[in-house]
Amino acid sequence: MDKPLTAASTLDPVTFEVLRNAFVNIVDQMAEQVRRTCYSFVVYNRDFSNALCDAEGNTVAQGNQDLAAHVGTLHYTCKAVIAEFGDDIHDGDVFLINDPYSGGTHFSDTRVLLPIFYDGELIAWSQANGHWADMGGSVPGSFDVTARDMFKEGIRIPPVRIWRRGEYCADVARLIAKNTRDPDAIIGDMDAQTQATRIAGRELLRLCEKYGGDTIKTAFAEIQDYVERAVRLRLAELPDGSWETVDFVDQDPAGEEGLIPIRVRLTIRGDQAEFDLTGSHGTIGSMYNCAFGGTFAGIVSGMKTFFPDVPLNAGLYRALTVTVPEDSIVSARWPVAVSGFVMCFEKIMNAIFELFSRIMPERAMACAFNIEYLQTGGYDKRSAARPYFMLYDWLAGGWGGRNGRDGLGVTASCFGVGLMIQPVEGQERLCPVRTDKLEIVTDSAGPGEWRGGVGLDKAGTILDVDNCVFSYFCDRERAIVWGIEGGLPARPHGLWLEPPGEAPRFLGAVFSDVPVAEGARFWRGTSGGGGYGDPLERDPKRVLEDVVDDYVSLERARRDYGVVLEVVDADLAEYRVDEAATRAERAHIAAHRQAWLEEDPAAVAARYRAGELDMYDVIRRHGVICDWGSGELLPNSTRDFRAQMRERCVPHWQ
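First things first, this report covers the structure right here in the doc. Everything numeric here is computed off the predicted structure, so don't read it as measured data.

## Points about a negative patch on the surface
On the surface, D539, E545, D549 and D550 cluster together into a negatively charged patch. Here D549 shows up in the loop between α11 (540-548) and α12 (554-561). Looking at D549, the relative accessible area reads 44%, which means it is partly exposed.

## Some thoughts on the side chain of E153
With respect to the secondary-structure elements, E153 resides in the loop between β5 (121-131) and β6 (160-164). Of the side chains bearing the opposite charge, R156 lies closest to the buried E153, which forms no salt bridge; the N-O distance is 9.5 Å. Here the side chain of E153 touches V338 through a polar contact of 3.2 Å, landing on its backbone nitrogen. Not counting residues within four places of it along the chain, the set of residues in contact with E153 comprises F107, M135, G136, G137, S142, A147, M287, A337, V338 and S339.

## A look at unusual backbone geometry
Put simply, W334 and P335 share a cis peptide bond, and its omega is 5 degrees. Looking at where P335 falls in the secondary structure, it is placed in the loop between β11 (320-323) and α9 (341-359). The phi angle at R386 is positive, at roughly 50 degrees, despite the residue not being glycine. Positionally, R386 belongs in the loop between β12 (373-380) and β13 (388-394). For R386, a relative accessible area of 35% gives the class partly exposed.

## Side note on the nonpolar core
Of all hydrophobic cores here, the largest spans 93 residues; its most connected members are F275, F356 and F470. Element by element, the count of residues in this core is highest for α9, at 13 residues. Contact partners of F275, with chain neighbours within four places excluded, come to V264, R265, L266, I299, M303, L320, T321, V322, T323, I352 and F356. With 52 residues, the next largest nonpolar core counts L11, F16, F23 and L52 among its residues.

## Examining the packing of helix α7 (residues 292-305) against α9
With their axes 8 Å apart at the nearest point, α7 and α9 run at an angle of 35 degrees to one another. Regarding α7 and α9, the two cross each other, and that crossing is right-handed. Of the residues in α9, those touching α7 at G294, T295, A297, G298, I299, S301, G302, M303 and T305 are F341, F345, I348, M349, I352, F353 and F356. Of the residues in the contact of α7 with α9, the class split is 10 nonpolar, six polar and no charged.

Rules and cut-offs
Residues numbered from 1 in each chain as written. Predicted model: local features only at pLDDT ≥ 70, side-chain atom pairs only at ≥ 80, totals over all residues. Heavy atoms only, no water. Patch = residues over 30% accessible without salt bridge, like charges linked within 9 Å, V, L, I, M, F, W, Y side chains within 5 Å. Areas by Shrake-Rupley, 256 points an atom, 1.4 Å probe, with all protein chains shown as cover. Salt bridge = Lys/Arg side-chain N within 4 Å of Asp/Glu carboxyl O. Lys, Arg positive; Asp, Glu negative; His and termini not counted. Charge placed at Lys NZ, Arg CZ, Asp CG, Glu CD. Helix = DSSP H or I, 4+ residues; strand = E, 2+ residues; numbered from the N terminus. Buried < 20%, exposed > 50% of the residue type's maximum accessible area, 1.4 Å probe, protein only. Polar contact = N/O pair within 3.5 Å; in protein donor to acceptor, adjacent residues only side chain to side chain. Contact = heavy atoms within 4.5 Å. Core = buried A, V, L, I, M, F, W, Y, C linked by side-chain atoms within 4.5 Å. Axes fitted to C-alpha atoms, helices over the stretch in contact; angles between N-to-C directions. Left-handed = near helix turned anticlockwise from the far one by under 90°. Nonpolar A, V, L, I, M, F, W, Y, C, P; charged D, E, K, R; others polar.

Shown next as structure tokens:
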């Protein structure tokens, strides 16, 4: 599929660097065009990515804020268009594709592609990918967590032409848009992405005029070769060997209670990295499956995180091989539902974080929080026209603690750190939903010698609506964000709903199409990151600072870190470490924590229901997973969660 490594560069170093950066600049210009002219609030908040590819569809350059989940898939969709149309590709054509079974991610990620010709020769492709907020299907926002096949997820777009030799195919565009709940936004975003690809075409042709077409094509090849050489040199410096781990999706809603494993084995042989996901679970009865494109993107993104200074293009892909089991949760095939691919994608990324943490401990990092989406749809009664509205919301959260540093807090997820968190003022203007609270959550970070970053809580009220429904696309309610090297877990995800005149009820992290009435209140939160290192080894002065900053409560300082603080002046946030009490508390925890992890799970759950234990004790001390609404024990999930704590925590406790 890809060209072999060439022996040496033929461009002088100055021209090479000028063109390499010029190509990235072109992609960044595409991003500016998309953001300034898009129609949907989702795309406006940077749920999009762009790329410049060579004539064969290999990625040459991506932008500085492109999303990790799109990385590693844009070349596949480009190659799918080339394979579909072959010699029937002409100057003035523009193509569209969103097919996850052809190397994409999910139906919402819709890609616009422009072939770029110079002197009559196809020399490159520009590609703009945007997350369209609704693709049709059974629920507003198109994320139906109960979907077992793609027919509930929306319209599947194989490679099609939307411009033919400079003539707009309006009928094709309307056919696609009219199958969604917001056709005007679809047409608007399609146009914005198309114009972005044309900006890339214009700028690339300007470079061709200045340097010559042959020089540009040579630069395309040499930039990929350069990245391949750089990656292989880095891999060759690492020890040969194999490392493996497992992470989990919370559940199969159509199956038995229990965590769903994704297993990753990394083998380094010389200058090649091999990723084998054999042993991962089969496809499940929800949209939380991943086609190969999303799996490949997760592997590339996870690996690239540990080589941050290496540019990203198809040269990196040549230095790795990927093996996946057929018809598994990481290699779903048509027509299995895959709109929730990101739940697998982020598990793959975090598994790779853990594996490279063992190989490169100086860059070690614990598990990051999981991205989550709340999708609310209905009719907006604030206007006489009663337009259909969709609130498509995601939150920031915490990344894992690192070797020598605390994790980043209130940050976009590893799905894509370029993703902006939506401003509530814009949401309230567009949708009849009021935000009542948006704040950092004390104790949400996983404790460790280096704690995780903190997460958020967000609460709101439904205002003037008709036929309003909620869907929640999330995970880590049960496979809770974990720590490494003795670090402890963070907190579970999930959403609470309080209908008017009723008691609040916990809906969890996986539900779709739940009716919501005017006046209903709801709240949800994101997890912090997992802890790194034994929390009993954290400097008590750092724990004191965390309490001052309201990242950690007085109670959890004692119970998680064994640090006892005296209150000097609560109003001024002045505290003092009680050194004798701290030594005693840490000795007590060290003497008992392995036994706590072996206590009868049913008895622990009963104590939680009785109010004798709080949620953090249940998770961090006892490794028990419950239904966080009812308090009922989830025995299979507890078994798998405890097994991972025994591997990631116990061997590193003094």
